Amino acid sequence: MIEVNNVKKSFGKSEVLKGVSVHVEDGEVVVILGPSGSGKTTLLRCINFLETADSGELTMGNISVNLKKANKKQILHIRRKMAFVFQNYNLFANKTALENVMEGLVTARKIPKDKAKEQAKEALDWVGLSDKYDYYPSRLSGGQQQRVGIARAFVLNPEVILFDEPTSALDPELVGETLDLIKRVAQKGITMIVVTHEMSFAQDVADKVIFMDEGVVVEEGSPAQIFSRPKEERTKQFLSRII
Ligand code: ADP
């Protein structure tokens, strides 16, 4: 179970998150929708301490941390339970696909290299890259790089994976296969929070959809509720523009 409470974050004078709370049950897939600039990415980054929130609290299982004041030890503890999949893959350019997937296992998880290599190979096989172990990111397509990104997250066996618009940098013809892979991750029962503009993915895969606008959660509910019977005018307007 993950509980995010009352997260606030400003950049300069602009208040990007105005007290956002999100509740995610174990094994749930939560999709966050909303217009560009509504604070979705900032929320994910605050949850993973890639950005320091101005206030807010995160509870995972039996630990609660203050998102502003968490100390190094607490941050490491939370990070060990999470993995992040970035919009722009964020692979190490000077490492091969295999080394990219091994990196977190060796440095963060302290797993011996031989064992990490075996696990990384399995993860790359699972995402369909068994013939690309030794390729550097520059020689992989966007879709393949994102597969490495997903393998790198998945291999850590995290309690939750945060996906930040994982398909928005991809050529349109590569979006479907990447979403299919993310669905396979969901089928493994891993808790996921996914920021995306892919409505059909949200409809198919989400247990819960959260609609954000201007730094607040406007509405949340099951995909059926949000897509078929949205209550709030802002949700209706957003959906009418996008679907
Ligand atoms: P979304 O993911 O919903 O598109 P973001 O969280 O990326 O929204 O951005 C919300 C707002 O915060 C935007 O106006 C964006 O320009 C601003 N913002 C995000 N990151 C920074 C930053 N590091 N510095 C200044 N402004 C930022």
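Residues numbered from 1 in each chain as written. Predicted model: local features only at pLDDT ≥ 70, side-chain atom pairs only at ≥ 80, totals over all residues. Heavy atoms only, no water.

## As for the nonpolar core
At step 1: Ranked by size, the top nonpolar core spans 53 residues in total, and within it Leu124 and Met192 carry the most contacts.
At step 2: If you tally residues by element for this core, the top one is helix α6 (residues 172–187), at seven residues.
At step 3: When neighbours within four sequence positions are excluded, leucine 124 is seen to be in contact with Ala97, Leu98, Val101, Leu129, Ser130, Tyr133, Val148 and Ala151. (Core = buried A, V, L, I, M, F, W, Y, C linked by side-chain atoms within 4.5 Å. Buried < 20%, exposed > 50% of the residue type's maximum accessible area, 1.4 Å probe, protein only. Helix = DSSP H or I, 4+ residues; strand = E, 2+ residues; numbered from the N terminus. Contact = heavy atoms within 4.5 Å.)

## Thoughts on the side chain of asparagine 48
At step 1: One can find asparagine 48 in the loop between α1 (40–47) and β4 (55–60).
At step 2: Judged by relative accessible area, which is 6%, asparagine 48 ranks as buried.
At step 3: With residues up to four places along the chain from it excluded, the contact list for asparagine 48 reads Arg79, Met82, Phe84 and Leu162.

## As for the packing of aromatic side chains
At step 1: All chains considered together, the criterion is met by three aromatic pairs.
At step 2: Pairing phenylalanine 84 with phenylalanine 86 gives two aromatic rings, centres 4.6 Å apart and planes at 45°, and the pair type is tilted. Each member of the pair, phenylalanine 84 as well as phenylalanine 86, carries the same accessibility label: buried.
At step 3: With 5.0 Å between their ring centres and 40° between their planes, phenylalanine 211 and phenylalanine 238 make a pair best called tilted. Placement of phenylalanine 211 in strand β9 (residues 208–213) and of phenylalanine 238 in helix α9 (residues 233–242) is noted, with a sequence separation of 27 residues between them. This pair shows no difference in class: phenylalanine 211 is buried, exactly as phenylalanine 238 is.
At step 4: Its end group placed over the ring of tryptophan 126, arginine 184 keeps NZ or CZ at 4.4 Å from the ring centre. (Phe/Tyr/Trp six-rings, centres within 6.5 Å; stacked < 30°, edge-to-face > 60°. Lys NZ or Arg CZ within 6 Å of the ring centre and 35° of its normal.)

## Considerations on the environment of glutamate 219
At step 1: In this fold, glutamate 219 is placed in strand β10 (residues 216–221).
At step 2: When its relative accessible area of 9% is taken as the criterion, glutamate 219 is described as buried.
At step 3: Along the chain, glutamate 219 and lysine 117 lie 102 residues apart, while their C-alpha atoms are 44 Å from each other.
At step 4: Among residues more than four places away in sequence, those in contact with glutamate 219 are Val209, Ile210, Phe211, Ile226, Arg229, Pro230, Lys231, Glu232 and Thr235.
At step 5: At a separation of 2.6 Å, a polar atom in the side chain of glutamate 219 contacts the main-chain amide nitrogen of lysine 231. (Polar contact = N/O pair within 3.5 Å; in protein donor to acceptor, adjacent residues only side chain to side chain.)

## A short note on the UniProt feature "domain: ABC transporter" (unreviewed entry) in the chain
At step 1: When the UniProt feature table is mapped onto this chain, "domain: ABC transporter" (unreviewed entry) is found at residues 2–239.
At step 2: Structurally, residues 2–239 comprises 38% helix and 26% strand, and the distance from its first C-alpha atom to its last is 27 Å. (UniProt positions renumbered as here; feature names shortened; annotations may be inferred.)

## Description of α6
At step 1: Here α6 is 16 residues long and its end C-alpha atoms lie 24 Å apart, about the 22 Å a rise of 1.5 Å per residue gives.
At step 2: Considered for burial, the residues of α6 that qualify are Leu174, Val175, Thr178, Leu179, Leu181, Ile182, Val185 and Ala186. The buried side chains of α6 occupy one side of the element, clustering within an arc of 160° when seen end-on. Seen from the buried face of α6, the exposed residues on the opposite side, beyond 90 degrees, are Glu173 and Gln187.
At step 3: On the buried face of α6, the contacting elements are β3 (29–33), α4 (113–126), α5 (142–154), β7 (160–164), β8 (191–195) and α7 (199–205).
At step 4: Immediately downstream of α6, the backbone of glycine 189 shows phi near 85°, a positive value. (Expected span 1.5 Å × (residues − 1). Arc of directions from axis to C-beta.)

## Description of the sheet that holds strand β1 (residues 2–11)
At step 1: With antiparallel pairing, the four strands of this open sheet are ordered in space as β2-β1-β4-β5. The strands lining the two open edges of the sheet, one partner per strand, are β2 (14–24) and β5 (63–66). Neighbour-to-neighbour, the strand axes of this sheet turn through a mean angle of 15°, independent of strand direction.
At step 2: Note: β1 against β4, five bridges, orientation antiparallel. Residue pairing across strands places glutamate 3 opposite threonine 59, the latter belonging to β4.
At step 3: Where helix α2 (residues 72–79) meets the sheet, its contacts fall on β4 and β5, and the angle it forms with β5 comes to roughly 125°. (Pairing = 2+ DSSP bridges. Axes fitted to C-alpha atoms, helices over the stretch in contact; angles between N-to-C directions.)

## Digging into the pairing of β8
At step 1: With five of five residues buried, β8 is to be regarded as a mostly interior element.
At step 2: The side-chain alternation of β8 yields two buried faces, one formed by Thr191, Ile193 and Val195 and the other by Met192 and Val194.
At step 3: Summarising the sheet, β3 and β8 pair through four bridges and their orientation is parallel. Its bridge partner lying in β8, isoleucine 32 is registered against valine 195.
At step 4: Where β7 and β8 come together, five bridges link them in parallel fashion. Bridging across to β8, isoleucine 161 finds its partner in methionine 192.
At step 5: Once you follow β7 into α6 and on to β8, the crossover reads as right-handed. (Right-handed = clockwise from strand over helix to strand, strands pointing away.)

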